[in-house]
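One letter stands for each residue in the lines below.
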Amino acid sequence: MCRWLAYSGTPILLEELLYKPEHSLIDQSMHARLGVGTTNGDGFGVGWYTPDGTAEPTLFRGTGPAWGDENLRELAHSVRSGLFLAHIRASTGTPVQQTNCHPFRHGRWLWLHNGRIRGYAKLKRTLAMSVDPELYPDIGGSTDSELMFYLALTYGLEADPVSAVEHMVGRIEDAGRRNGIDNPVQMTVAMTDGERLWAFRYSTERNSRSLYCSTAVDTLREMYPDNNVLQQVSDETRIVVSEPLGGLVGAWQPVAESSYELVEPGVGTVGTVGPFQPVPC
């Protein structure tokens, strides 16, 4: 499986999360602790928005291991953003190619995923036929993750993001039942429209992959008054991760099973906004 992070808050250099923490995303590409495997070397990607938020997000993706990519290191040292997603990939069977690397982009939206559709080879054609014909030509790769994104777009992601993801998962589970595939969905997902950030944790079997959200910054400042990083970011800054980036006790809170969280500007707290319940399609 894969590892990922999503950041929203005070603009920072990408390297502050990709490289500098004790258990950074780059470290996780070699030494993941909570994933199915310890190595995630089948490509990587970063998607970010400019600090003024006026442009569509920029993507940088590569097919090699993240730990050895000098261009990624150079970029992370110079790009500053207040909203970005990053992903390191461990393929579940689809080819290692740039179009299969996360995040995926459509307009102002970015999407990444950890998990899989069980029985994807058997379900792929059925699910692809459910994608809006006007959206289908924009699918660039062959992963289940990208197809999930375009199913969510089909079910109205841009108008009602949570409902669209619930309908997407419901469609996959219905296809799985019809084809004799048990527990077809395993996912943690991050998506953003450039302003708000959503994170989902769900699996059909109710035993989902790990997902954590950072503790409120004002609380962490009280716990660690000498930590300079915490003094430099706003109260609304949040990080959502597949697994914690460092060892600060109390800095990471697990996201509840079958739930979603929302981070949005001007809101100083974040928690479980609501339960996640698939809607059959």
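You'll find the structure just up there.
My aim in this report is to walk through the structure given alongside it, one point at a time. Counting restarts for each chain: residues are numbered from 1 in the order of the written sequence. Totals for whole chains, interfaces and linings use every residue, but because this is a predicted model, local features are given only for residues with pLDDT of at least 70 and side-chain atom pairs only at 80 or more, for both listing and counting. As a convention, hydrogens and water are excluded, and side-chain values are obtained from all of the structure's heavy atoms.

Our next topic: the layout of surface pockets. The definitions used throughout rest on a 1 Å grid laid over the protein atoms alone, on which a cavity is an enclosed set of points accommodating a 1.4 Å probe that cannot get out and a pocket is an open set flanked by protein within 12 Å on both sides along at least five of seven lines; lining residues are those having an atom within 4 Å of a point. Grid points are joined across faces, edges and corners, and a volume is the space filled by probe spheres set on the points. If you add up the space inside the largest pocket, you get close to 670 Å³. For helices the rule is a DSSP run of H or I covering at least 4 residues; for strands it is a run of E covering at least 2, with both sets numbered from the N terminus onward. If you list the elements that add at least two residues to the lining of the largest pocket, you get strand 1 (3–13), helix 1 (15–18), helix 7 (217–223) and helix 8 (228–232). The greatest single-element share of the lining of the largest pocket, amounting to 5 residues, is contributed by strand 1. Classifying every residue of the lining of the largest pocket gives 16 nonpolar, 8 polar and 3 charged. Residues were grouped as follows: Ala, Val, Leu, Ile, Met, Phe, Trp, Tyr, Cys and Pro as nonpolar; Asp, Glu, Lys and Arg as charged; and all remaining residues, including Gly, as polar.

Moving on: the sheet that holds strand 1. Pairing within the open sheet is antiparallel, and its 7 strands lie in the order 3-2-4-1-10-9-11. Here the strands that pair on one side only, and so sit at the sheet edges, are strand 3 (58–62) and strand 11 (252–254). Put simply, the sheet's adjacent strands are angled 15° from each other on average, direction ignored. When DSSP finds two or more bridges between a pair of strands, those strands are recorded as paired. Only the stretch in contact is used when a helix axis is fitted, and all axes are lines through C-alpha atoms; the angle between N-to-C directions ranges over 0 to 180 degrees.

Here the aromatic set is Phe, Tyr and Trp, taking the six-membered ring for Trp, and pairing holds for ring centres within 6.5 Å; pairs whose planes are under 30 degrees apart are stacked, those over 60 apart are edge-to-face, and all others are tilted. Tallying each qualifying case throughout the model produces 8 aromatic pairs. Geometrically, the ring pair formed by F200 and Y260 is tilted, given 5.9 Å between the ring centres and 35° between the ring planes. Of the two residues, F200 is situated in strand 8 (residues 197–203) and Y260 in strand 12 (residues 259–263); the sequence distance between them amounts to 60 residues. Each residue's exposure class comes from its accessible area (1.4 Å probe, protein chains only) as a fraction of the maximum for that residue type: buried when under 20%, exposed when over 50%, partly exposed otherwise. We classify F200 as buried; its relative accessible area is 0%. Note on Y260: relative accessible area 13%, which makes it buried.

With respect to the helices and strands, S24 occurs in the loop between helix 1 and helix 2 (25–31). Contacts are assigned to residue pairs that have any heavy atoms within 4.5 Å of one another. Those residues in contact with S24, other than ones at most four positions away along the chain, are L17, L18, Y19 and L245.

The set of residues buried in helix 3 (residues 70–78) consists of L72, L75 and A76. The buried residues of helix 3 occupy an angular sector of 100° when projected down its axis, which confines them to one face. Among the exposed residues of helix 3, those oriented more than 90 degrees off its buried face are E70, E74, H77 and S78. Tucked inside the fold, the buried residues of helix 3 contact strand 1, helix 1, helix 2, strand 2 (44–48) and strand 3. For helix 3, the N-terminal capping position is held by D69, with its side-chain oxygen 3.1 Å away from the main-chain nitrogen of N71. The arc refers to the directions leading from the helix axis to the C-beta atoms. For this analysis, a polar contact is any N or O atom pair within 3.5 Å, provided that within protein one partner can donate a hydrogen and the other can accept it, and provided that sequence-adjacent residues contribute only side-chain to side-chain pairs.

At their nearest, the axes of helix 4 (residues 120–128) and helix 5 (residues 144–154) sit 11 Å apart, and the two run at 25° to each other. One way to sum up the angle between helix 4 and helix 5 is to call them roughly parallel. Seen along the crossing, helix 4 lies across helix 5 with a hand that is left-handed. Every residue of helix 5 that contacts helix 4 at Y120, K124, L127 and A128 is listed here: D144, L147 and L151. Residue composition of the contact of helix 4 with helix 5, grouped by class: 5 nonpolar, no polar and 2 charged. When describing relative orientation, an angle under 35 degrees is termed roughly parallel and one over 145 degrees roughly antiparallel, while 65 to 115 degrees is termed roughly perpendicular and anything else oblique. With the far helix as reference, a near helix turned anticlockwise by less than a right angle produces a left-handed crossing, and one turned clockwise produces a right-handed crossing.

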